[in-house]
Structures are given as structure tokens and as C-alpha cells.
Amino acid sequence: MALGRAFSVAVSGVDGQVVEIEADIGRGLPGVHLVGLPDTALNESRDRVKAAVTNSGGKWPDSRVILALSPATLPKVGSVYDLALALAVLDADKQIPRGSLRRTVFLGELALDGRLRHVRGVLPAVLAVKKAGWSSVVVPMAGLAEAGLVDGIDVLGSRSLKETVAWLRGDGALCQPMPVAWGEPDTYPDMSEVVGQPEARWALEVAAAGAHHVMLTGPPGIGKTMLAQRLPGILPPLTETESLEVTAIHSVAGTLTGDHPLISSPPFIAPHHSTTVSAMVGGGTGMAKPGAVSRAHRGVLFLDECAEMGPKVLEALRTPLEDGEIRIARRDGVARYPARFQLVLAANPCPCAPARNSDCVCAPTVRRKYLGKLSGPLLDRVDLRITMMAVASGALTDEIGESTEHVRARVTGARDAAAERWREYGWRTNAEVPGPALRQKFTLSRDAVRPIERALRNGSLTARGADRALRVSWTLSDLAGTSMPGIDEVGAALDFRDRGTM
Ligand SMILES: [Zn+2]
């Protein structure tokens, strides 16, 4: 009996766990047996690995080979183990130096000719390898750039099984990753390109400063999309930890670009209104793919024409809005993806969507129903609701608006002030603060809360609406640089609500 051992990683969601692969070459009829919960793709690995070994100049043992993956209860989806499977067999057959696989974890799918192919989720896999205390990892060349984002572990890129074996025998070198360029933000379209719309611009700034979800209502072509696209640009850039978190999700989604994989700016994700539940929150066969809500993690999720979206899709947004993450149940466990995003909803005021409100041909009940389907739990979380009006013709000649850079500086200042205030309670932005805490932790002056109390008494404001107004007034105060919202900020926060259609 000859035993070989190699290590790889099982990735589920953005979590990974090191998997031990044992190869046993024993007596019996030639054949390959896989044990330890393999899925279909992994079963196909048998043939791929065998072909790759013989086509790379290695020899496949002509007796019975048993391959075992452990822990046996772990989900082992896909083709990421190919390289480790091949190496375990070569180790058992003494074709590579004894002990050479002890310190390194191997990732990658093998082509029949022995080339090493890219797999999804290289970054979360390498993060898991480092966390488990390993000192080195070998990945396919196409995943080298993203793997290289992880420091504190030796990362090497390999083109093929042959190259990997040569390296293990001390006959050649593998590729080192290029140094990472941190803090090189993506460029988003500039705020200065937005013509007019001072109120909507201001609302966007307030939304960015307090991390408030926002809904823009207005006729088609008025610039809702244009504004939404500029929100990520005025948000503070991601920290290094956040960048890795976001990049890991996009690594599993398979949406990273080769040479510069690091995502260091808040992402902007805009699914079409015909999108499905599983495209929105994640799912699919095999390894669960992250949905739009997770790809928008730490960035902006923009839902244009949200009134046209299916009720199930809108309903599915509740959990991520509540928990900041999504758990997808799989046959072999639960895949977890973070999903903390800033929501921007955009809607036409009615189904016929005329350029001018006066041209609307919809019946009043149709009009009311149209946005009514958004009501309830979803809209309860939207602190800012803005109705955009057509730009007056004179406004086109107005001076150019402020640049993204200027606005971002104010937003960053306001966010710092909010983070400082809520630090001891564990909240980072005003939008995260629950209603009761808003009312109890800091008491506003009698004068300041009077307009809210009045609106509550005469029924024009609900208790939830009052909390929203308080939240926004804190953000207005942070933007104004005052220590606490006064009557002006509270009044302006209530105004924001009044301008909305609901
Ligand atoms: Zn209409």
C-alpha cells in the first residue's frame, strides 16, 4: 500500500476551509474511486486528472487508486481540487519528492493536456489558507493577481501540472505576483456633469453622508440614472479590509478583471427590472453564485423602474436589508455572502410615464396602485424620497455644478462625525441606528422636536416616519458641522419627506 497526501480548499460563499486529499494505491483492478461527498463535477475530475497526468509526462498507476477528501462532511463542489488530486496520486506513486506537499496548498482545474485552469473564488480560498496557518499556496496563473492581494503568505502562480511538478522537484520556479497598487480608485462619472437638479443633487449628498437608502421618483429622462451612477463616486473609498471583502465576493462571482483585480471603490450594481430572485440574492446550481445584492456589498444597488420588478424579487430584498448578508441553502450546507449595500430605487410616477405630469392618461387608481406595490417593509427602510421635476429651460445655462471630489470631501467629513458619535454603540452610519436608540441616546431640544411632534399629532407623520426624519436630521447636522440637529435640520428633514410622493 502506498499513500499520498495533498491539500486544497473548499469554498462555500466567501468562506473557505482547507481540505485534505489522500490517495491510496492498492492492489486490485485498475480504476479510480473517489470518496467523501463528491459532486458531479468532482466525479468528472477522475478522468481529467488521469489524462492530465499522462499527458504531462507522468505515469498513472496501473492498479486501483482510491482518492479520499476530508473532512468528509464538507461540500466539495467543482474542479478546484484537480491539481491537488493529481499531486496526491504522484506523491503516493513516489514520482515527486517525499514531503514536498506538506507546506503548500494547491488550487486549480486541470485541462486534459495538463494546463492549469482558473477557478472561481481564488481570493476567498487563499484568505482561508492563510487563516488556517499555511505558509504557501499555488494557484493558476489567471488567479495569481487576485491571490497576490493577500499578504503574509507565499503565493505562486503555475501554468500547468508539469510546471508544478518541476517546481516540487527543484527543477524550476513558479511565478510571483506583481505588487498590489492599493488605493487606486475607480473613476466614476462626475457630479459636475449633472445639469440643474440642485435638490436631487443635495438629496444624493445627504444619502451618501448618512448611508440612507433613497428613492427617486420622476418622469423618464429626467436624470435619475445619471444621478444614481454618481453616488458611488461621492462615497468614501473602501478601506483595505473592505476592498478585500468586496473583491472576494466578485472573485466567487467570476467578475474580476485579470491584471487589476482589486476593487477599491464602492461598486455600482444595476440589475434589470426583469431580474429573477436568484439573480438578485444569489443561487444557481453547483457553487452558489453571489447575487446582485452581494456584488453591491459596500457599494450601491440601483433598481431602475423598480415598480416594474416582480413582487417576489422586491420581497427578497428584505433579508439583506435587515441582516446585511444572505444565506443560501444548498444540498450540502449553507453559503453565506455579505450584502450591505446602499439602495437607490428609481421609479416613474405612473405606468404611462409621460414627460410632463399633466399628460398622464392613467386612471387615479392605477396611479396610486403603481407605486403602492413598493409599500411596506421595503419602503420603510428608505429614509429619503425625492420627486424630481423637469428642469426649467433657464437652468440649462446655469453654472456648472460642484465636482464629485468636492462633494465627497463633505460626505467623508459627515461620515467621520457620525462614526465617532455612534462608535460606542457599534454603528457606523446614521442609517444603521435603530429608532429607539435615535430617540433615547441623545435628546434633541424641545424646539427642535416640536415640528415632528406636531406632525405626529395631526397624523401627517407615522412613528416610523418620525424616526426616518430624525435619522436624516442627524445627517444634515453632520453635514453642517453642528453637534446636534436643531430646528433647521429637523425642518429640512421633514421637508425631504414632504417632497416625496408618499
Ligand atoms: Zn400615467
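So, how was this worked out
- Residues numbered from 1 in each chain as written.
- Predicted model: local features only at pLDDT ≥ 70, side-chain atom pairs only at ≥ 80, totals over all residues.
- Heavy atoms only, no water.
- Helix = DSSP H or I, 4+ residues; strand = E, 2+ residues; numbered from the N terminus.
- Expected span 1.5 Å × (residues − 1).
- Buried < 20%, exposed > 50% of the residue type's maximum accessible area, 1.4 Å probe, protein only.
- Pairing = 2+ DSSP bridges.
- Contact = heavy atoms within 4.5 Å.
- Axes fitted to C-alpha atoms, helices over the stretch in contact; angles between N-to-C directions.
- Donors = N, O, S within 2.8 Å, 3.2 Å for Na, K, Ca; no water.
- Tetrahedral: all angles 85-135°; square planar, octahedral: opposite > 155°, others 65-115°.
- Parallel < 35°, antiparallel > 145°, perpendicular 65-115°, else oblique.
- Nonpolar A, V, L, I, M, F, W, Y, C, P; charged D, E, K, R; others polar.

> So what about helix 6 (residues 198-210)? Which residues, and what values?
Residues spaced three or four apart along an α-helix point in a common direction, a consequence of the helix completing one turn every 3.6 residues. When the terminal C-alpha atoms of helix 6 are compared, their 18 Å separation across 13 residues agrees well with the 18 Å that a helix rising 1.5 Å per residue should span. In terms of burial, helix 6 is a largely internal element, 10 of the 13 residues being buried. All buried positions along helix 6 are accounted for by Ala200, Arg201, Ala203, Leu204, Glu205, Val206, Ala207, Ala208, Ala209 and Gly210. Trailing helix 6 by a residue or two, alanine 211 shows a phi angle of about 60°, which is positive.

> Hey, could you go over the sheet that holds strand 17 (residues 342-347) for me, with residue numbers and the actual values?
Strand order in the open sheet made by the 5 strands is 11-14-17-10-18, with parallel pairing throughout. Looking along the sheet, the strands with just one partner apiece sit at the ends: strand 11 (268-269) and strand 18 (384-387). Here strand 10 (residues 214-217) pairs with strand 18 via 4 bridges, running parallel. The residue of strand 18 that forms the bridge with methionine 215 is arginine 385. Sheet strands touched by helix 6: strand 10, strand 17 and strand 18. Its angle to strand 18, the strand with the most contacts, is close to 170°.

> Describe the coordination of the zinc ion, with residues and values.
For the zinc ion, the full set of protein donor atoms is Cys350 (SG), Cys352 (SG), Cys360 (SG) and Cys362 (SG), at a range of 2.1 to 2.4 Å. Metal-centred angles of 101 to 113° between the 4 donor atoms at the zinc ion mark the site as tetrahedral. Site description for the zinc ion: donor spacing in sequence, C-x1-C-x7-C-x1-C. Given a relative accessible area of 0%, cysteine 350 falls into the buried group. The class of cysteine 352 is partly exposed, set by a relative accessible area of 31%.

> Give me the lowdown on the packing of helix 3 (residues 122-131) against helix 8 (residues 240-253), citing residues and values where you can.
Interaxial distance between helix 3 and helix 8 falls to 6 Å at its minimum, and their mutual angle equals 125°. Relative to helix 8, helix 3 is oriented oblique. Residues Val122, Leu123, Pro124 and Leu127 of helix 3 form the contact with helix 8, whose participating residues are Leu244, Thr247, Ala248, Ser251 and Val252. Split into classes, the residues belonging to the contact of helix 3 with helix 8 amount to 7 nonpolar, 2 polar and no charged.

> Describe the sheet that holds strand 4 (residues 64-70), and please don't skip the residues or the numbers.
Across the sheet, which stays open at both edges, the 4 strands sit in the order 1-2-4-3 with mixed pairing between neighbours. At either margin of the open sheet sits one strand with a lone partner, and together these are strand 1 (2-12) and strand 3 (31-35). On average, each strand axis in the sheet is tilted by 20° relative to the strand beside it, whichever way the strands run. Strand direction decides the pairing type here: strand 3 and strand 4, joined by 5 bridges, are parallel. Bridge assignment links valine 35 to a residue of strand 4, and that residue is alanine 68. The sheet strands contacting helix 2 (residues 82-92) are strand 1, strand 2 (15-26), strand 3 and strand 4, and the helix crosses strand 1 at an angle near 170°.

> Any chance you could break down the pairing of strand 1 for me, citing the residues and the numbers?
For strand 1, a buried count of 8 out of 11 residues is recorded, marking the element as mostly surrounded by other parts of the structure. Inspection of the sheet shows strand 1 paired to strand 2 by 11 bridges, in the antiparallel sense. Bridge pairing links glycine 4 to alanine 23 in strand 2. The turn linking strand 1 back onto strand 2 is made up of 2 residues, and glycine 13 within it adopts a positive phi angle of 65°.

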